Protein chains: 2
Amino acid sequence: MKVAIDAMGGDFAPQENVLGAIEALKEYKDKNLEIILVGNKDQILEFLPQDYSDTLNIKIHNTTEVIEMDDHPAAAVREKKDSSLVVAARLVKDGLCDSFVSAGSTGAAVAASLLILGRIKNIERATIATPIPNPAGTTLLLDSGANVDSKPKHLLQSAIMGSIYAEHILKISNPRIGLLNIGEEESKGNKQALETLPLLKNLDRNKFNFIGNVEGRDITNGSVDVVVCDGFVGNVVLKFGEGLAYTILQILREALETGSILTKIATFFLLPAMRSLKKKFDYAEFGGAPLLGVNGGCIICHGSSKAKAIKNAIRVAAEFKENDVLNNISKSIAAEEKKEI
Amino acid sequence: MKVAIDAMGGDFAPQENVLGAIEALKEYKDKNLEIILVGNKDQILEFLPQDYSDTLNIKIHNTTEVIEMDDHPAAAVREKKDSSLVVAARLVKDGLCDSFVSAGSTGAAVAASLLILGRIKNIERATIATPIPNPAGTTLLLDSGANVDSKPKHLLQSAIMGSIYAEHILKISNPRIGLLNIGEEESKGNKQALETLPLLKNLDRNKFNFIGNVEGRDITNGSVDVVVCDGFVGNVVLKFGEGLAYTILQILREALETGSILTKIATFFLLPAMRSLKKKFDYAEFGGAPLLGVNGGCIICHGSSKAKAIKNAIRVAAEFKENDVLNNISKSIAAEEKKEI
């Protein structure tokens, strides 16, 4: 299992990328991992033990350029051929790695994947699938921002890819797939939802468990495992959720801090509960969001990812290959195409 | 200020509607309120004091039908001519009341308003504007579900109506208007957002304070006062927010309940903070969501509204008239039309 890391990507690069790689190797001994750290060799070496080449299955692939957060994604991918992101994607393209992980610019990671890895045959749009916690486990939301103005077929393909990912990586058996909508009734929705519904209802029930329309509140209540939507709605919902969770915790913290001395004592005892809550919504636990539909594993991490998030993303990248997610997606998408013919 | 209440609407009708009316009369003495409770007279009388006609400025308008939650909205409005909702709307149409309040089916309230009150001249789509709490105050989100597949002009009109409402009812001076999008940059967004942006940028800066694209996280962080969006996105976001807030509180409560004895003691001291949080997100405080763009005040309340929510909705209904919101909207929309000619 060979995973390339865009070592220069993210707010805490390359330190947290390197530390995450080291942790992954320690923790996932059974995965037979080899990690290629792609980036500025000198900077990377600062965070590796001197004897790393004897003790860790890590290699460094030196690069001289970096794609910045405000670079135009596609242009940067084309121009900065020796950037850590582009080279990491190339390693996957050339078969030297199975997947790559990046905490850098999401737009650039998507552009690099599309331009360098290319889309799986018959896939019209690759989509970003974001795992969202719910009290009972995890719900996968896709597309969370790669595409807008999606056609019904794109949503259908998202459903297929999301279900396969949920099954193999999130270990959810027979994942319940829902179409994000404004009401449960089949008559509800905009043009996009109304045209997509029949396609999803037509999925092979032996392979895909489509449960119908789901509403916004179902995303976090554990009643659905894979939520299919257009990237515009998905992205707004995701960012709204991040903002809301943050706001609620802020309000709670403020109320505790400005409270009486008894309330302050209570905070001390409350810490375990607060930690449990934070953990539930800690994206670092979830190992990033995969870009589904390209020829290779691409795991996109939040810019503020620290070592733990990178470690988990590496685990996901390895499992992506272990469980042959790409081939599974490929076959199912091909089977769906045959249906239409 | 004459307000009609759909007394049979909502999960706790008619009790909470009647109690809300009584509380409104007690609390808002300065508003010179007269309330018409529209519904089954016998059921309503159960919750009024015997001497109500001497002590309260309440009248009862008897009706014999009720629109149920699962009735087809437009059909029900046309067929059940003696339903509490339809008659309440008629009272406004006939000038006997200024606004009506309903906690019944949102779809039916919208249908009744459109069919009976009709749209303000030049308004193409009426929109539901939902107030959402933020740490610094309130943000208005519209459209939160009346229309899908909105055209850019509909969003422009939402911006105008929302700003006027925010100014007069939410008492926000020079409300900051944002277009809900997936990024701040002007190049971001789907077709609908890209075509709407120039229209909003063209708003008269002396009258409307358009600040540009805003993202999902800005809805609750206090950085924008009026968020303009299509009803599909708005509705998904709203329901997602309700679900998420509920989920977070559930997780926190569970962690507290299953914790050690010290944690349980902490709960006792934490209660004020929890209450403060709940209050922040208590829709009952906000007085319902107005339907903007129709010829008359229509305030839609959550189905689970109790007396406090109804009371606040009555206040909003009164302020709607007091501040001449309808005429303000009318004039601004007409001025915008002239611009286009």
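Residues numbered from 1 in each chain as written. Chains lettered and ligands numbered in written order. Predicted model: local features only at pLDDT ≥ 70, side-chain atom pairs only at ≥ 80, totals over all residues. Heavy atoms only, no water.

*Asks:* Is there a simple way to think about the overall build of chain A in this case?
*Replies:* When helices and strands are tallied, chain A shows 12 helices and 11 strands. The C-alpha radius of gyration of chain A comes to 21 Å, within 12% of the 20 Å expected for a compact globule of 341 residues. In terms of principal-axis extent, the alpha carbons of chain A reach across some 65 × 65 × 40 Å. When the 341 residues of chain A are sorted by exposure, 58% land in the buried category. Total accessible area computed for chain A in this model is approximately 14,100 Å², and 50% of it derives from carbon and sulfur atoms. Between the mean site of the 39 positive side-chain charges and the mean site of the 43 negative ones, chain A shows a separation of 3 Å. (Helix = DSSP H or I, 4+ residues; strand = E, 2+ residues; numbered from the N terminus. Rg over C-alpha atoms; globule rule 2.2 N^0.38 Å. Buried < 20%, exposed > 50% of the residue type's maximum accessible area, 1.4 Å probe, protein only. Areas by Shrake-Rupley, 256 points an atom, 1.4 Å probe, with all protein chains shown as cover. Lys, Arg positive; Asp, Glu negative; His and termini not counted. Charge placed at Lys NZ, Arg CZ, Asp CG, Glu CD.)

*Asks:* Can you walk me through the packing of helix α7 (residues 152–168) of chain A against helix α12 (residues 325–340) of chain A in this structure?
*Replies:* Packed helix pairs are characterised by how far apart their axes lie and by the angle those axes make with each other. All names here are of chain A. Where α7 meets α12, the closest approach of the two axes is 10 Å, and the angle between their N-to-C directions is 145 degrees. Viewed along their axes, α7 and α12 form a crossing whose handedness is right-handed. Across from Lys153, Leu156, Gln157, Ile160, Met161, Ile164 and His168 in α7, the residues of α12 making contact are Val325, Asn328, Ile329, Ser332, Ile333, Glu336, Glu337 and Glu340. Partitioned by chemical class, the residues of the contact of α7 with α12 number seven nonpolar, four polar and four charged. (Axes fitted to C-alpha atoms, helices over the stretch in contact; angles between N-to-C directions. Left-handed = near helix turned anticlockwise from the far one by under 90°. Contact = heavy atoms within 4.5 Å. Nonpolar A, V, L, I, M, F, W, Y, C, P; charged D, E, K, R; others polar.)

*Asks:* Whenever I open this one, the sheet that holds strand β2 (residues 34–39) of chain B confuses me. Can you help?
*Replies:* Hydrogen bonding along the main chain pairs the strands of a sheet, whether they run parallel or antiparallel. Residue and element names in this part refer to chain B. Pairing is mixed across the open sheet formed by 11 strands, whose spatial order is β3-β2-β1-β4-β11-β10-β5-β6-β9-β7-β8. Both edges of this open sheet fall to β3 (58–62) and β8 (209–214), since each of them pairs with a single strand only. Averaged over neighbouring strand pairs, the angle between their axes works out to 25 degrees when direction is ignored. Bridging between strand β1 (residues 2–6) and strand β4 (residues 99–102) involves three bridges; their strand directions are parallel. (Pairing = 2+ DSSP bridges.)

*Asks:* Whenever I open this one, the side chain of Gln157 of chain B confuses me. Can you help?
*Replies:* As for its position among the elements, Gln157 of chain B is in helix α7 (residues 152–168). The buried category is assigned to Gln157 of chain B, whose relative accessible area is 3%.

*Asks:* Just checking my understanding: could you explain the environment of Ser158 of chain A for this structure?
*Replies:* Residue and element names in this part refer to chain A. As for its placement among the helices and strands, Ser158 is situated in helix α7. With relative accessibility at 1%, the residue Ser158 sits in the buried group. Distance from Ser158 to Leu200, taken between C-alpha atoms, is 10 Å for residues 42 residues apart in sequence. Among all residues touching Ser158, those that are not within four sequence positions of it are Thr127, Leu142 and Val228.

*Asks:* I tried to follow the nonpolar core on my own but got confused; where do I start?
*Replies:* Note that soluble globular proteins tend to have their nonpolar side chains buried in a common cluster. Grouped together as the largest cluster of nonpolar side chains are 154 residues, with contacts concentrated most on Leu37, Ile58 and Ile314 of chain A together with Leu37, Ile58 and Ile314 of chain B. Apart from residues no more than four positions distant in its own chain, Ile58 of chain A is found in contact with Ala21, Ile22, Leu25, Ile35, Leu37, Leu48 and Tyr52 of chain A. (Core = buried A, V, L, I, M, F, W, Y, C linked by side-chain atoms within 4.5 Å.)

*Asks:* Mind showing me how you'd approach the pairing of strand β7 (residues 176–180) of chain A here?
*Replies:* The side chains of a regular strand alternate between both faces of the sheet. Residue and element names in this part refer to chain A. Among the five residues in β7, four count as buried, and that is most of the element. Pairing of β7 with strand β8 (residues 209–214), which is carried by five bridges, proceeds in the parallel orientation. When the bridges of β8 are listed, Leu180 appears paired with Val214. Crossover β7 to β8 through helix α8 (residues 191–201) is right-handed. As paired elements, β7 and strand β9 (residues 226–228) share three bridges and run parallel to each other. Residue pairing for β9: Ile177 is matched across the bridge by Val226. (Right-handed = clockwise from strand over helix to strand, strands pointing away.)

*Asks:* How should I be thinking about the packing of helix α1 (residues 15–27) of chain A against helix α11 (residues 307–322) of chain A in this particular structure?
*Replies:* Residues and elements named next belong to chain A. Interaxial distance between α1 and α11 falls to 7 Å at its minimum, and their mutual angle equals 50 degrees. The angle between α1 and α11 places the two elements in the oblique class. In the crossing of α1 with α11, the sense of the turn from one axis to the other is right-handed. Where α1 abuts α11, its residues Glu16, Asn17, Leu19, Gly20, Ala21, Glu23, Ala24 and Glu27 lie against Ala307, Ile310, Lys311 and Ile314. Along the lines of polarity and charge, the residues of the contact of α1 with α11 split into six nonpolar, two polar and four charged. (Parallel < 35°, antiparallel > 145°, perpendicular 65-115°, else oblique.)

No statement about biological role is implied by the geometric values presented.
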